[in-house]
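Below, each chain spelled out in residue letters.
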Amino acid sequence: MDQKYLQLYADFVVKVGVNVRPRQNFIIRCPVTMPEFAHACAKAGYEAGAKEVVVRWEDERLSRIQMEYGDEADLCAMKPYQLRSYLDYAEDPDGCCTLAIHAADPEAFAGLDAGKLNRVNLAPRTFLKPWQEYTMNDRVQWCVVAVPAPGWAAKVFPGMPTVDEPMEKLWQVIFEVCRVTTGDPVSAWKEHVAKTKARRDQLNAWDLDRVRLQSANGTDLTIGLAEDCTWEGASSVAENGTEFIANVPTEEVFCAPHRDRVDGIVYGTKPYAYNGQLIEGWHVTFKDGKVIDTSMGLTPLDGFMMGTRTGTLDPSVVTFIAEKENLSPAELSDLFNKKSGLLGISGVSSDDRDICKAEDEGNPRARLAHEMLVYQIQKFIGSYAAA
């Protein structure tokens, strides 16, 4: 990647996104796969006057091993030091700020027990709530940024001969959307924040009761707004009066919905990565603020066929294939989640672009994969219309 852009990105994120103040403690969470960016951010932190820069390394591959082989009760058991290691800095008279660097493989935990994943991930969130009150209530400056991960890059730019090529392409996209390629991201973001604030002020002036969202993909969702809600956007102000940008990049202007006044259906326009599993082709139906229907079941496997997932199966198929092919539960999960769907039917790829190309070249399995997908989507739409 371009080293000049990398340092510009780090400088902007630390000095404008987080906006580290002199003598503050600066906590960085970063994947072990991205030490170069963490080091650039640490350097920028000290240049901004940080008293101490603390880097908390995160290892996704190790987390998968722990999730697969560790006992759930042990994985959910939290230790007091885990909370104190944050609160000691937050309660320091000089205060603290934090940066979360994300470089996640969207399918890092694919095929694992979804229920166990949810429960184990919920445990630290609950235990660390006193620390989260500092960030979620803007008592400290905080910022979340993204950097490439090989698994993520390969999903966005599939079919490339080496691992490095999609990584380079994703770096370039991140630099562009984060306005680093302007050469002066600080000025570019000041202009962007000013425009976002103007949109926020206009929305507040309109004093809206509800918002209706419609899209060509079928989304038609009416969101009633909470009483006395206020639109916010782009930048926030911490308890100490310091302005910061919580998400880089960000284009959003947002407010709070009323919990009982959300009605309609929303379709995902992009795959959704949740707990290390990629969910594609999803949609959710709301009535009076409650979800009454969804394209998924207990796990992302249910619903219509996806890139590598089977979609809804006759339960008897599971035991039939297990006995016929002599497959273990783990091997069945891998087959249904990673080797089926568009990939399994077409024999070409899980990417619709590759399948379209193969279909144009006369590949009958690619054509079959498309026909099956279209039929299943039509069937789901028909069932929702009838309901």
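Check the entry above for the structure.
Residues numbered from 1 in each chain as written. Predicted model: local features only at pLDDT ≥ 70, side-chain atom pairs only at ≥ 80, totals over all residues. Heavy atoms only, no water.

**Regarding the side chain of T98**
Looking at the secondary structure, you find T98 in strand β3 (residues 96-102). Judged by its relative accessible area of 9%, T98 is buried. Polar contacts involving the side chain of T98 include one to the main-chain carbonyl oxygen of I27, which spans 3.2 Å. Once residues lying within four places of it in the same chain are set aside, the contact partners of T98 are V18, F26, I27, W131, T135, Q141, W142 and C143. (Helix = DSSP H or I, 4+ residues; strand = E, 2+ residues; numbered from the N terminus. Buried < 20%, exposed > 50% of the residue type's maximum accessible area, 1.4 Å probe, protein only. Polar contact = N/O pair within 3.5 Å; in protein donor to acceptor, adjacent residues only side chain to side chain. Contact = heavy atoms within 4.5 Å.)

**Some points on the packing of aromatic side chains**
If you walk through the whole model with that rule in mind, you get nine aromatic pairs. Each ring, one from W142 and one from F244, has its centre 6.3 Å from the other, and the planes form 50 degrees; the classification is tilted. Separated by 102 residues along the polypeptide, W142 in strand β4 (residues 141-146) and F244 in strand β9 (residues 243-245) bring together distant segments of the chain. Residue classification places W142 among the buried positions, given a relative accessible area of 15%. Taking NZ or CZ as reference, R139 lies 4.0 Å from the ring centre of Y134, over its face. The ring of W189 carries R179 above its face, with NZ or CZ at 5.1 Å from the centroid. (Phe/Tyr/Trp six-rings, centres within 6.5 Å; stacked < 30°, edge-to-face > 60°. Lys NZ or Arg CZ within 6 Å of the ring centre and 35° of its normal.)

**Notes on the sheet that holds strand β2 (residues 52-58)**
Pairing in this open sheet of five strands is parallel, and the strands run β2-β1-β3-β4-β10 from one edge to the other. Each edge of the open sheet carries a strand with a single partner, namely β2 and β10 (247-248). Bridging between β4 and β10 involves two bridges; their strand directions are parallel. Counterpart to V145 in the pairing with β10 is V248. (Pairing = 2+ DSSP bridges.)

It is worth stressing that arrangement in space is one thing and function is another; only the former is reported here.
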